[in-house]
Amino acid sequence: MSLILYHNPRCSKSRAALALLEEKQAKFELFLYLETPPNTDELAKLIKLLDLSSARDMMRKGEAAYKELGLADIDCEASLIAAMCEHPKLIERPILIAQNAAAIGRPTDNLLTLL
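Right, let's walk through the structure included here. Remember, it's a predicted structure, so these values are computed and weren't measured experimentally. Within every chain, residues take consecutive numbers counted from 1 along the sequence as written. Side-chain atom pairs in this predicted model are given and counted only at pLDDT of 80 or more, local residue features only at pLDDT of at least 70, and totals for whole chains, interfaces and linings cover all residues. Water and hydrogen atoms were dropped before computing side-chain values, which therefore reflect all heavy atoms in the structure.

1. Digging into the environment of Ile95
Argument step 1. Under the scheme used here, helices are H or I runs from DSSP no shorter than 4 residues and strands are E runs no shorter than 2 residues, and both carry numbers assigned from the N terminus. Looking at the secondary structure, you find Ile95 in strand β3 (residues 95-97).
Argument step 2. Classification of residues uses two cut-offs on accessible area relative to the type maximum, computed with a 1.4 Å probe and protein chains only: under 20% is buried, over 50% is exposed, and between them is partly exposed. Exposure remark for Ile95: the relative accessible area of 0% places this residue in the buried category.

2. As for unusual backbone geometry
Argument step 1. Here the bond from Arg93 into Pro94 is cis, since omega is -10 degrees, no more than 30 degrees from zero.
Argument step 2. For Pro94, the location among the structural elements is in the loop between α4 (77-86) and β3.
Argument step 3. Here the residue pair Arg106 and Pro107 is connected by a cis peptide bond, since its omega of 0 degrees sits within 30 degrees of zero.
Argument step 4. Examined against the element boundaries, Pro107 turns out to sit in the segment after β4 (102-104).
Argument step 5. One non-glycine residue, Gln25, adopts positive backbone phi at about 55 degrees.
Argument step 6. In this structure, Gln25 sits in the loop between α1 (12-23) and β2 (28-31).
Argument step 7. The exposure class assigned to Gln25 is exposed, which follows from its relative accessible area of 69%.
Argument step 8. A positive phi angle, close to 60 degrees, is found at Asp51, a residue other than glycine.

3. Considering the packing of helix α2 (residues 40-49) against α4
Argument step 1. It is the contact of α2 with α4, at a shortest axis distance of 9 Å, that shows an interaxial angle of 115 degrees. By crossing handedness, the relation of α2 to α4 is classed as right-handed. Along its contact with α2, which presents Thr40, Leu43, Ala44 and Ile47, the element α4 presents Ile81, Ala82, Met84 and Cys85.
Argument step 2. Residues are grouped as follows: Ala, Val, Leu, Ile, Met, Phe, Trp, Tyr, Cys and Pro are nonpolar; Asp, Glu, Lys and Arg are charged; every other residue, Gly included, is polar. When grouped by side-chain class, the residues that make up the contact of α2 with α4 number seven nonpolar, one polar and no charged. Every angle, taken between N-to-C directions, lies between 0 and 180 degrees, and every axis is a line fitted to C-alpha atoms, over only the stretch in contact when it is a helix. By convention, the crossing between two helices is left-handed when the near helix turns anticlockwise from the far helix through less than a right angle, and right-handed when the turn is clockwise. For this analysis, residues touch if any pair of their heavy atoms sits within 4.5 Å.

Below you can see the structure in the form of structure tokens.
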């Protein structure tokens, strides 16, 4: 099975997810989403894989960009997804993607369902 970890090396939860995958000897690819942000199609697919009801459920609402862009007042899914593409710090992390499912690693044990 091919796994992809949306990873931010500066995030302690993301580092914990990386350590968990290495401990379990899982085969995975690191995706440094801050360096290479996903496009709108990739994020829309990821939202479906995560089985979220809204793009907002995948956003870090405490980020400065969330407040600066007034995202709390926006209900348009396409606009929320576009904001995450433009400002990838808004994307919740870590996220582990399997072929037909994904999980947000908060808590880190959530990722075990995909291993």
